[in-house]
Amino acid sequence: MSTFGKILEEVGEFGLFQKRLLAMLCVASFFVAFDVIGQVFIGMGFEHNCNTDWILERGPNLTEERQRNLTLPVNKDGKFESCKMFTPVDWDLETIEAYGINSTTSCIHGWDYQAPPGSSSFVTEFDLVCERSGLLEASQSIYMAGYIIGAFTYGAISDRFGRRFAVLLSLSVVMTFGTAVAFSPNIYVLLALKFFCGTSGGVIIMNTTVLAVEWTGPSKNAIFTEIIIIVFSVGLMVMSGIAYLIPDWRTLQLVFCCPIILFLVFLYWFLPESARWLLTHGRKEEAQKVLEGVARMNKSKVPYDMLNKVDLKANTKSRSTLDIFRIPYLRKRTIIMGFNWFAASLLYYGLSLNVGSFGLNIYLTQFIFGLVEIPANLGSLVLIQRFGRRICQSCFSIFGGVACLVILTIPDNLPVVVTVTAVIGKMAATTAFGTVYVYTPELYPTVLRQNGVGLNSMCARVAGFLAPLVRLLDVFHHTIPFLIYGILPIFAGGFCFLLPETLNVQLQDHAEDT
């Protein structure tokens, strides 16, 4: 019985066709970065205080400093309160200066933001501060809630309708709803649009990596996947530069999303379907046509004798997501890898979405976070090709968890040390996340591969949903968020040793029922 792996060896596992395919998938990955992490900039927070212009009616010539001294209480750190003001009174200025105001109230006239000229975010426009600050965290969590739905549904969509259809659909949704975000009239419309962006934004990498893996040989799977993820990191770096140059959040959102439409037109005409998927669904003639095009581009020949031996009856056996839980070895792999996706995602987003809290410039920190992902992924590529997926996944997860715990021991007056440690943790989180993208598709058969990756990815999106909410636990104790970010990856790394090694192992096409 011939397998697709042998057919691919004949037509070329890493020829011109695969390199062109890789270039197309990398562009998709580049735009994903803007959608997934873009809220760091369009939802940027600024220093703020209550608007106290009421006192200018009594003293129109007051300096800004004197106005604050008379109308804003001071906290225990000697700074003006962000969410409290002295209660407005009907006294004249001389009386206020002589006796002061003792009672306080919340910000009844809005807020003043210490933002650079021309800068804005949906936080400042919709006043997501003080008692409304939870809506900022909710916006990222709602995005991740959409991500959860998308990870599950796109797995079924891709296995049912094809890898190409899933890629095009996810990019179309991101472009449409991402552009609409820029026109949001209020925070509630924005939250709804962000949900739909989430259903497709993050799963683009899931869809592209599966398509890439199914068009390459086992020795090149990791290279394809890691390059796609590295381009995502380049997108993070470019994003920080674009955000620095475009301080208005609505314009920035349009710049992030509108160019996707040009890329979509190109993909519609040139993105191929997975011949492996076509064969496992009994669509032999379409698979043959695609393979003939691949052979021409790679200057090789289609092995028609092998292709004719493919057992279409076996290939067309219906499979569903339930088979993943029904078949024991797939169930075990899903539980363990699902936990690893969850832990890697919690660590990755826990650090990525905290870039504004490490004490350095947010644009510089985001640029550094994107930059360190490149050597992290290149290094992990070398290591997983040399030592295998299992041991590397374990070590990356454990190391990242330990880095998070170390952050808790560093004094707050050492922001550079905190940032460096966070960057090290981010590198480990990146390598752990990158490795699961390589490892997971290799653990599932073609007929269930996208469903399997989708289920695991859904676990990651649950973590992404929880990551910004975990930060809210610091109201009980400032160490709680980083304890959670750190401990779970350590446990996940230990469970990896229960998985099989897949280095240089041919992809499985059909599921074994035992």
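Parameters at a glance
- Residues numbered from 1 in each chain as written.
- Predicted model: local features only at pLDDT ≥ 70, side-chain atom pairs only at ≥ 80, totals over all residues.
- Heavy atoms only, no water.
- Axes fitted to C-alpha atoms, helices over the stretch in contact; angles between N-to-C directions.
- Helix = DSSP H or I, 4+ residues; strand = E, 2+ residues; numbered from the N terminus.
- Parallel < 35°, antiparallel > 145°, perpendicular 65-115°, else oblique.
- Left-handed = near helix turned anticlockwise from the far one by under 90°.
- Contact = heavy atoms within 4.5 Å.
- Nonpolar A, V, L, I, M, F, W, Y, C, P; charged D, E, K, R; others polar.
- Core = buried A, V, L, I, M, F, W, Y, C linked by side-chain atoms within 4.5 Å.
- Buried < 20%, exposed > 50% of the residue type's maximum accessible area, 1.4 Å probe, protein only.
- Disulfide = S-S within 2.5 Å.
- Expected span 1.5 Å × (residues − 1).
- Salt bridge = Lys/Arg side-chain N within 4 Å of Asp/Glu carboxyl O.
- Polar contact = N/O pair within 3.5 Å; in protein donor to acceptor, adjacent residues only side chain to side chain.
- Phe/Tyr/Trp six-rings, centres within 6.5 Å; stacked < 30°, edge-to-face > 60°.
- Lys NZ or Arg CZ within 6 Å of the ring centre and 35° of its normal.

Student: How do you make sense of the packing of helix H8 (residues 163-181) against helix H9 (residues 187-200) when you look at a structure like this?
Tutor: Any two packed helices are characterised by the angle at which their axes cross and by the distance between the axes. It is at 8 Å that the axes of H8 and H9 come closest, and there the two elements cross at 160°. Taken together, H8 and H9 sit at an angle that is classed as roughly antiparallel. Relative to H9, H8 is oriented so that their crossing is left-handed. Here Ser170, Val173, Val174, Phe177, Gly178, Ala180 and Val181 of H8 come into contact with H9, specifically with Leu190, Leu193, Lys194, Phe196, Cys197, Thr199 and Ser200. The class makeup of the residues in the contact of H8 with H9 is nine nonpolar, four polar and one charged.

Student: Just checking my understanding: could you explain the nonpolar core for this structure?
Tutor: Across soluble globular proteins, you tend to see nonpolar side chains buried next to one another. Of all hydrophobic cores here, the largest spans 146 residues; its most connected members are Leu21, Phe122, Leu171, Trp215, Leu291, Tyr349 and Phe433. Per element, the largest residue contribution to this core is 13 residues, and it comes from helix H2 (residues 16-37). When neighbours within four sequence positions are excluded, leucine 21 is seen to be in contact with Leu211, Trp215, Phe224, Leu271 and Pro272.

Student: Mind showing me how you'd approach the state of the cysteines here?
Tutor: According to the stated counting rule, one finds two disulfides in the structure shown. Through a disulfide, cysteine 50 is tied to cysteine 107; the S-S separation comes to 1.8 Å. Judged by the sign of its S-S torsion, about -60°, the cystine formed by cysteine 50 and cysteine 107 is left-handed. One end of the pair, cysteine 50, is in strand S1 (residues 48-50); the other, cysteine 107, is in the loop between strand S3 (104-106) and strand S4 (111-113), and 57 residues separate them in sequence. Each disulfide pairs two cysteine sulfurs, and for cysteine 83 the partner residue is cysteine 130, the sulfurs being separated by 2.0 Å. The sign of the -95° torsion about the S-S bond sets the cysteine 83-cysteine 130 disulfide as left-handed. Residue cysteine 83 is found in the loop between helix H4 (64-71) and strand S2 (84-86), and its partner cysteine 130 is found in the loop between helix H6 (122-126) and helix H7 (134-161); the two are separated by 47 residues along the sequence. Given the relative accessible area of 16%, cysteine 130 is considered buried.

Student: Looking at this structure, how should I read helix H10 (residues 203-214)?
Tutor: Turn by turn, an α-helix covers 3.6 residues, leaving residues three or four places apart pointing in a common direction. With twelve residues, H10 extends 17 Å between its outermost C-alpha atoms, agreeing within 8% with the 16 Å of an ideal straight helix rising 1.5 Å per residue. Counting buried residues along H10, twelve of its twelve residues qualify, which places the element largely inside the surrounding structure. By the burial criterion, the buried members of H10 are Val203, Ile204, Ile205, Met206, Asn207, Thr208, Thr209, Val210, Leu211, Ala212, Val213 and Glu214.

Student: Even after reading the chapter, I still don't get the pattern of salt bridges, so can you show me in this structure?
Tutor: Opposite charge on two side chains lets them pair, provided their charged atoms get close. Evaluated as defined, the whole model comprises twelve salt bridges. One salt bridge in this structure joins glutamate 125 and arginine 250, with 2.5 Å as the shortest N-O distance. Of this pair, glutamate 125 sits in helix H6 while arginine 250 sits in helix H12 (residues 249-257), and the two are 125 residues apart along the sequence. Because the salt bridges share partners, they merge into one network encompassing Asp159, Arg163, Glu214 and Arg449.

Student: Honestly, the environment of aspartate 112 in this entry has me stumped. Any pointers?
Tutor: Relative to the assigned elements, aspartate 112 resides in strand S4. Judged by relative accessible area, which is 30%, aspartate 112 ranks as partly exposed. Spatially, the C-alpha atoms of aspartate 112 and leucine 405 are 36 Å apart, while their sequence positions differ by 293 residues. Leaving out residues up to four positions away in the same chain, aspartate 112 has contacts with Glu47, His48, Asn49, Cys50, Asn51 and Thr52. Polar contacts involving the side chain of aspartate 112 include one to the side chain of asparagine 51, which spans 3.5 Å.

Student: Is there a simple way to think about the side chain of serine 158 in this case?
Tutor: Looking at the secondary structure, you find serine 158 in helix H7. Excluding its chain neighbours within four sequence positions, the residues that come into contact with serine 158 are Arg163, Ala166, Trp277 and Gln450.

Student: Which parts of the structure should I look at to understand the packing of aromatic side chains?
Tutor: Within a pair of aromatic rings, the relevant descriptors are the distance that separates the centres and the angle that separates the planes. Across all of its chains, the model carries 24 aromatic pairs by this definition. Here phenylalanine 31 and phenylalanine 263 contribute two aromatic rings whose centre-to-centre distance is 6.4 Å and whose plane-to-plane angle is 35°, an arrangement assigned as tilted. You can see phenylalanine 31 sitting in helix H2 and its partner phenylalanine 263 sitting in helix H13 (residues 260-270), a full 232 residues away along the chain. Summarising the burial analysis for this pair, phenylalanine 31 and phenylalanine 263 share the class buried. Aromatic side chains phenylalanine 161 and phenylalanine 165 sit 5.8 Å apart centroid to centroid with 50° between the ring planes, which places their arrangement in the tilted category. Three or more aromatic residues link up through ring pairs in this structure, and these residues are Phe30, Phe31, Phe34, Phe256 and Phe263. If you follow arginine 160 out to its NZ or CZ, it ends over the ring of phenylalanine 161, 5.0 Å from the centre. The ring of phenylalanine 387 carries arginine 386 above its face, with NZ or CZ at 5.0 Å from the centroid.

Student: How should the packing of helix H11 (residues 221-245) against helix H22 (residues 415-442) be read in this particular structure?
Tutor: As a packed pair, H11 and H22 sit with axes 9 Å apart at the nearest point and diverge in direction by 140°. When the axis of H11 is compared with that of H22, the two are oblique. As H11 packs across H22, the resulting crossing turns out to be right-handed. Residues Asn221, Ala222, Thr225, Glu226 and Ile229 of H11 lie in contact with H22, whose contacting residues are Gly434, Thr435, Tyr437, Val438 and Glu442. Of the residues in the contact of H11 with H22, the class split is four nonpolar, four polar and two charged.

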